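Each chain is listed here by its residues.
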Amino acid sequence: MSGDDASPGTDLGVVTRTRPHTRRPPLYKVLLLNDDFTPMEFVVHVLERFFGMSNARAVEVMLTVHRKGVAMVGVFSYEVAETKVNQVMEFARRHQHPLQCTMERE
Ligand code: TYC
């Protein structure tokens, strides 16, 4: 028992916390890479569909990737980032585009 009202006076009061502070799980950046073949409209559609971007934001991010070679499209937990990468890669493969999406620890 832990010293609540149901069992008063039995709690030895040993503090069992082993870390002074809580630790947040690491976050992962999802990156979209440029290539010479994937149509711009396809990339815009991917950003809307899998990353919830408005059309205006998706066009902006797509053009950043097109000009700079890479851009971050979101930050997620490991599991969510992995799912996004897999969804994008599978969707691109299904449409026979070479679009690449990766993740890296923040
Ligand atoms: N560079 C591509 C083109 O000119 C467009 C493109 C943008 C491709 C972003 C991939 O992640 C990408 N059609």
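Check the entry above for the structure.
These lines cover the structure that appears in this document, whether it is placed above or below. (Residues numbered from 1 in each chain as written. Predicted model: local features only at pLDDT ≥ 70, side-chain atom pairs only at ≥ 80, totals over all residues. Heavy atoms only, no water.)

1. Things to note about the site of the ligand
Then, number 1: Taken together, Leu32, Leu33, Asn34, Asp35, Thr38, Met40, Val43, Met62, Val65, His66 and Leu99 make up the full set of residues adjacent to the ligand.
Then, number 2: One of the backbone nitrogen or oxygen atoms of aspartate 35 is found 2.7 Å away from a nitrogen atom of the ligand.
Then, number 3: Contact between the ligand and threonine 38: a nitrogen atom at 2.9 Å from a main-chain N or O atom of the residue.
Then, number 4: Coverage of the ligand by the protein amounts to 89% of the 350 Å² it exposes when considered alone.
Then, number 5: Secondary structure elements with two or more residues in the shell around the ligand: β1 (28–33), α1 (40–51) and α2 (55–68).
Then, number 6: No other element matches α2, which puts three residues into the shell around the ligand.
Then, number 7: A breakdown of the residues in the shell around the ligand according to their chemical character gives seven nonpolar, three polar and one charged. (Near = heavy atom within 4 Å. Polar contact = N/O pair within 3.5 Å; in protein donor to acceptor, adjacent residues only side chain to side chain. Areas by Shrake-Rupley, 256 points an atom, 1.4 Å probe, with all protein chains shown as cover. Helix = DSSP H or I, 4+ residues; strand = E, 2+ residues; numbered from the N terminus. Nonpolar A, V, L, I, M, F, W, Y, C, P; charged D, E, K, R; others polar.)

2. A short note on the sheet that holds β1
Then, number 1: The strand order β2-β1-β3 describes an open sheet built from three strands, whose pairing is antiparallel. In this open sheet, the two edge strands, each paired with only one partner strand, are β2 (70–76) and β3 (100–105). This sheet shows a mean twist of 30° between the axes of neighbouring strands, independent of strand direction.
Then, number 2: Judged from the six bridges that link them, β1 and β2 form a sheet pairing that is antiparallel. (Pairing = 2+ DSSP bridges. Axes fitted to C-alpha atoms, helices over the stretch in contact; angles between N-to-C directions.)

3. So, the side chain of lysine 84
Then, number 1: Note on placement: lysine 84 falls in helix α3 (residues 78–94).
Then, number 2: Here lysine 84 is buried and forms no salt bridge, its nearest opposite-charge partner glutamate 82 lying at an N-O distance of 13 Å.
Then, number 3: Here phenylalanine 50 takes part through its backbone oxygen, which lies 2.9 Å from a polar atom of the side chain of lysine 84.
Then, number 4: Not counting residues within four places of it along the chain, the set of residues in contact with lysine 84 comprises Phe50, Phe51 and Phe76. (Buried < 20%, exposed > 50% of the residue type's maximum accessible area, 1.4 Å probe, protein only. Lys, Arg positive; Asp, Glu negative; His and termini not counted. Salt bridge = Lys/Arg side-chain N within 4 Å of Asp/Glu carboxyl O. Contact = heavy atoms within 4.5 Å.)

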